[in-house]
Every structure is written in structure tokens, then in C-alpha cells.
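Here are the chains, one letter per residue:
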Amino acid sequence: MANHKSALKRIRANETKRLRNRYQHKTTRSYIKKLRETTDKAVAVEVYKTVSSMLDRLAKKNIIHKKKASNQKSKLAKLVNSLAIAA
């Protein structure tokens, strides 16, 4: 158990941040899944903008690595662009 007030506060703050990061990461994964299931080009473009922004935010906060965010954005962009060719 922590012996200092600041250590107790840090424990509380870390738990709050952990839950917030977990929520944001899970929400982003849900949006990515939604984007992958989309077959309509117009909807996919709108969802891609949202997902791209979410991935950048996660990378900025070091919830995920910046290169992982970049790789995911690249793969999703290819997916969205392939919808245009198929349609």
C-alpha cells in the first residue's frame, strides 16, 4: 500500500486514465470494424475520416504506437479506394 498522499493520488489518476484509454481504444476498434464491413463508398469515406482522426489521437497520446496508427490508416485507405474500383 502507498505511504504518501501523492502516491495515492497517482494510483487514482492512473486508474482513471487507464479506463479512458481503454474506452477510446475499444471505440476506435469498433469504428475500424464498422469501416471494414461497409460496402458503400460514400459511407466508407465519412467513416474513414473519423477513424483516421481517432487513430491519430491514440498515437498522439501514446495509447498505440505512431507507426501502428500509420499502418492501419494506410490499409484502411486502400480498402476505401478499392470500393471505388468495384463500384
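Along each chain, residue indices are assigned from 1 in the same order as the chain's sequence is written. Since the coordinates come from a predicted model, pLDDT governs what is reported: local features require at least 70, and pairs of side-chain atoms require 80 or more to be given and counted, while whole-chain, interface and lining totals use all residues. Hydrogens are left out, water is left out, and the side-chain values use all remaining heavy atoms of the structure.

Engineer: Explain the pattern of salt bridges to me, and be specific about the residues and the numbers.
Structural biologist: A side chain of one charge can pair with a side chain of the opposite charge if their charged atoms are brought near each other. What counts as a salt bridge is simple: a side-chain nitrogen of Lys or Arg found within 4 Å of a carboxyl oxygen of Asp or Glu. A complete count under the given rule lists three salt bridges for this structure. We note a salt bridge from Arg-18 to Glu-15, for which the minimum N-O separation is 2.9 Å. Remark: Glu-15 and Arg-18 occur in helix α1 (residues 5-37); sequence separation between them is three residues, near one turn of the helix. The buried label applies to any residue whose accessible area, calculated with a 1.4 Å probe on protein chains only, is under 20% of its type's maximum; exposed applies above 50%, and partly exposed to all values in between. With relative accessibility at 41%, the residue Arg-18 sits in the partly exposed group. With a relative accessible area of 36%, Glu-15 lands in the partly exposed category. In this structure, Lys-73 engages Asp-56 in a salt bridge whose closest nitrogen and oxygen atoms are separated by 2.9 Å. In this pair, Lys-73 is assigned in helix α3 (residues 66-86) and Asp-56 in helix α2 (residues 41-60), connecting sequence segments 17 residues apart. Helical segments are the DSSP runs of H or I of at least four residues, strand segments are the runs of E of at least two, and each set is numbered from the N terminus.

Engineer: Help me get a handle on α2, residues and values and all.
Structural biologist: Every α-helix carries 3.6 residues per turn, so stepping three or four residues along brings you back to the same face. Helix span is expected to be 1.5 Å times the residue number reduced by one. Along its 20 residues, α2 runs 28 Å from first to last C-alpha, staying within 8% of the 28 Å computed at 1.5 Å per residue. Taken as a whole, α2 has its buried residues at Ala-44, Val-47, Tyr-48, Val-51, Ser-52, Met-54, Leu-55, Leu-58 and Ala-59. Phi for Asn-62, located one or two positions after α2, is positive at around 60°.

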